[in-house]
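Inside the fold
Spelled out, the chains give:
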Amino acid sequence: MTWYANPSARNWKCDAPSSAVAKFHQSLSNYEYTPLIELPSLAQELGIGRVFVKDESARLNLAAFKVLGASWAVAQALTNAAQPTSLAQVASAIDRSHPPTLVAATDGNHGRAVAHMAKQLGLDCFIVIPRGVSELAINNVRGEGAHVTVLDATYDEAVDAAKAITADLANGIHIQDMSWSGYTDIPEWIIEGYTTLCCEVDEQLREVSAYPADLVAVPVGVGSFLHSVVAHYRSRDDSAASVLSVEPTVADCVLRSLASGELTSVDTGVTIMSGMNCGTPSSDSWPFHQAGVDAAVSLTDEQARSALSALHDLDIDAGPCGAATLAGVRAALSTDERRNALGITSDSVIVLLSTEGRAANPQV
Ligand SMILES: Cc1ncc(COP(=O)(O)O)c(C=O)c1O
């Protein structure tokens, strides 16, 4: 099974995520909008109106979008959810006589972002990495000064190891980008943090297009980012884009959950899309997936590779997770039945969320 569609998702509505994060992100020293780039040759190939790619390869100099979530979660966790508007405000809230230590498990990008925040705030940081993550991605995390543990284990097992490290520390704070029973505040702040990306897309699109996005393609691991995108588009009156979930076939936990109607874990394999190599959907995000995701598709590495080379030929600096969205859209538009399920016509506007650059993950 590599395809799922839910025609009623477009009519589902939810509350907008908190927008308090915007000011905080704007205060970060390297913050600027990442580019939204139009790719007319892809629009022609796909038989639609316009294609744009949101290029996250230079986000806050960390080569991936993940720092949007990690920065806000760390800021909120260290200030008792005071909705800080600057990093200086966060730093001044830290009790230096009893400083916290940040802990996370990661497929690469999230851990690098958490470690980066710890370094900026002068805090210690422990990062656990499962198998299948490239040396470059591991060294990116080490480069931020974190204590790194690489395990011959799955992502879910790495998350368990991070829980154990946190429990052993005197003042450990687990900054994980997925929720489970009893662990919901931090992932919720991470999801709020990601909304900055969609807000930027809407504004950038308004400047160049009379029409909002008809379809937004999202690379999915545990589905926190997917939750953020669904909450963004299902809470707006001015833009009701369909949302396409894209996963590797070897880690298609969201697709299988959607198809079976209940949260389902899968045994993961090996994939070049290592940031998406997760076996269990985030529990608080799952209801948003079930109600608000219009379609889901899963991909082989070959499909991702072909999209990678198409984007590189167009001078887009995409890593495998970023390029997965093009591969996903190619698969989603491959038959009339699928196009109709998504309401895609020859005028449609599609946005590909390219969430990492080559510097984040060179595995091809
Ligand atoms: C580059 C990239 N894209 C997409 C994702 C998927 O995000 P999520 O795990 O919230 O589904 C990740 C996760 O780490 C990632 O690193």
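Not measured: the values here are computed from a predicted model.

1. Concerning the site of the ligand
The ligand sits among 20 residues. The nearest are Gly-221, Ser-224, Gly-275, Thr-355 and Glu-356. Secondary structure elements with two or more residues in the shell around the ligand: α5 (109–121) and α9 (224–233). If you tally residues by element for the shell around the ligand, the top one is α9, at three residues. For the shell around the ligand, the residue count by class is nine nonpolar, seven polar and four charged. For the shell around the ligand, the domains that each give at least three residues are domain 1 (3–65 + 190–354) and domain 2 (67–186).

2. Here we look at helix α7 (residues 155–168)
With 14 residues, α7 should reach 20 Å at 1.5 Å per residue; the first-to-last C-alpha distance of 20 Å fits that figure. Within the span of α7, buried status applies to Tyr-155, Ala-158, Val-159 and Ala-162. The buried residues of α7 occupy an angular sector of 105° when projected down its axis, which confines them to one face. Away from its buried face by more than 90 degrees, α7 exposes Ala-164, Ala-167 and Asp-168. In this fold, the buried residues of α7 make contact with β4 (101–105), β5 (124–129) and β7 (172–174).

3. Quick look at the pairing of strand β6 (residues 147–150)
Where β5 and β6 come together, four bridges link them in parallel fashion. When the sheet's bridge partners are listed, Ile-129 is paired in β6 with Val-150. Since β5 and β6 lie parallel, the crossover through helix α6 (residues 135–142) that links them has a hand, and here it is right-handed.

4. What about the domain arrangement of the protein?
Domain annotation for the protein reports domain 1 (3–65 + 190–354) and domain 2 (67–186). At the junction of the two partners, domain 1 supplies 34 residues and domain 2 supplies 32 residues. Those elements that provide at least two residues to the side of domain 1 that touches domain 2 are α1 (21–27) and α8 (185–208). For the side of domain 1 that touches domain 2, the residue count by class is 15 nonpolar, 15 polar and four charged.

5. Observations regarding the sheet that holds strand β2 (residues 36–38)
Paired through their backbone hydrogen bonds, the strands of a sheet run either parallel or antiparallel. One open sheet accounts for seven strands, arranged β1-β10-β9-β8-β11-β3-β2; its pairing is mixed. Each edge of the sheet is formed by a strand with only one pairing partner; in this case those strands are β1 (3–5) and β2. Along the sheet, successive strands turn relative to each other by an average axial angle of 20°, direction set aside.

6. Considerations on the packing of α8 against α9
One way to put it is that α8 packs onto α9 with a least axis distance of 8 Å and a crossing angle of 60°. With respect to each other, α8 and α9 are oriented oblique. The chirality of how α8 crosses α9 is right-handed. Each of Pro-187, Ile-190, Ile-191, Tyr-194, Thr-195 and Cys-198 in α8 lies in contact with α9, whose residues at this interface are Ser-224, Phe-225, His-227, Ser-228, Val-229 and His-232. Grouping the constituent residues of the contact of α8 with α9 by class yields seven nonpolar, five polar and no charged.

7. Side note on the sheet that holds β4
One open sheet holds the four strands; their spatial order is β6-β5-β4-β7, and the pairing between them is parallel. Each edge of the sheet is formed by a strand with only one pairing partner; in this case those strands are β6 and β7. Going across the sheet, the axis of each strand differs from the next one's by a mean of 20°, ignoring polarity. Sheet topology places β4 next to β5; five bridges connect them, and they run parallel. Considered in β5, the bridge of Val-103 is made with Phe-126.

8. Description of unusual backbone geometry
Positive phi, normally seen in glycine, also occurs at Asn-61, with a value near 60°. Of note, the phi angle at Gln-83 is positive, near 50°, even though the residue is not glycine. For Gln-83, the location among the structural elements is in the loop between α3 (67–78) and α4 (87–92). With 16 C-beta atoms counted inside 10 Å, the residue Gln-83 sits in the partly exposed group.

9. Points about the nonpolar core
Ranked by size, the top nonpolar core spans 115 residues in total, and within it Val-114, Val-216 and Val-218 carry the most contacts. Among the elements that take part in this core, α8 stands out by supplying nine residues, more than any other. When residues of this core are assigned to domains, at least three fall in each of domain 1 (3–65 + 190–354) and domain 2 (67–186).

10. Concerning the environment of Arg-142
Checked against the element boundaries, Arg-142 lands in helix α6. Arg-142 gets classed as partly exposed once you count the C-beta atoms within 10 Å, which come to 14. In sequence terms Arg-142 and Thr-355 are 213 residues apart; their C-alpha atoms lie 21 Å from each other.

11. Re the pairing of strand β8 (residues 215–219)
Two faces, one strand: in a regular strand the side chains alternate between the faces of the sheet. Most of β8 sits inside the fold, with five of its five residues counted as buried. Side chains of β8 alternate between two faces, with Leu-215, Ala-217 and Pro-219 and Val-216 and Val-218 buried alike. One crossover worth recording links β8 to the parallel strand β9 (residues 242–248) by way of α9, and it is right-handed. In terms of strand pairing, β8 meets strand β11 (residues 349–354) through three bridges, oriented parallel. Along β11, the bridge assignment pairs Leu-215 with Ile-350.

12. Here's the deal with the packing of α3 against α5
For the pair α3 and α5, the least separation of the axes is 9 Å and the interaxial angle reads 40°. As summarised for this structure, α3 and α5 are arranged oblique, according to the angle between their axes. Where α3 crosses over α5, the two elements pack in a sense that is right-handed. Of the residues in α5, those in contact with Val-67, Ala-70, Ser-71 and Val-74 of α3 are His-110, Ala-113, Val-114, His-116 and Met-117.

Conventions we followed
Residues numbered from 1 in each chain as written. Predicted model: local features only at pLDDT ≥ 70, side-chain atom pairs only at ≥ 80, totals over all residues. Near = placed C-beta within 6 Å. Helix = DSSP H or I, 4+ residues; strand = E, 2+ residues; numbered from the N terminus. Nonpolar A, V, L, I, M, F, W, Y, C, P; charged D, E, K, R; others polar. Domains from an automatic or database assignment. Expected span 1.5 Å × (residues − 1). Buried ≥ 20, exposed ≤ 12 C-beta atoms within 10 Å, placed from the backbone. Arc of directions from axis to C-beta. Contact = placed C-beta atoms within 7 Å. Pairing = 2+ DSSP bridges. Right-handed = clockwise from strand over helix to strand, strands pointing away. Axes fitted to C-alpha atoms, helices over the stretch in contact; angles between N-to-C directions. Parallel < 35°, antiparallel > 145°, perpendicular 65-115°, else oblique. Left-handed = near helix turned anticlockwise from the far one by under 90°. Core = buried A, V, L, I, M, F, W, Y, C linked by C-beta atoms within 7 Å.

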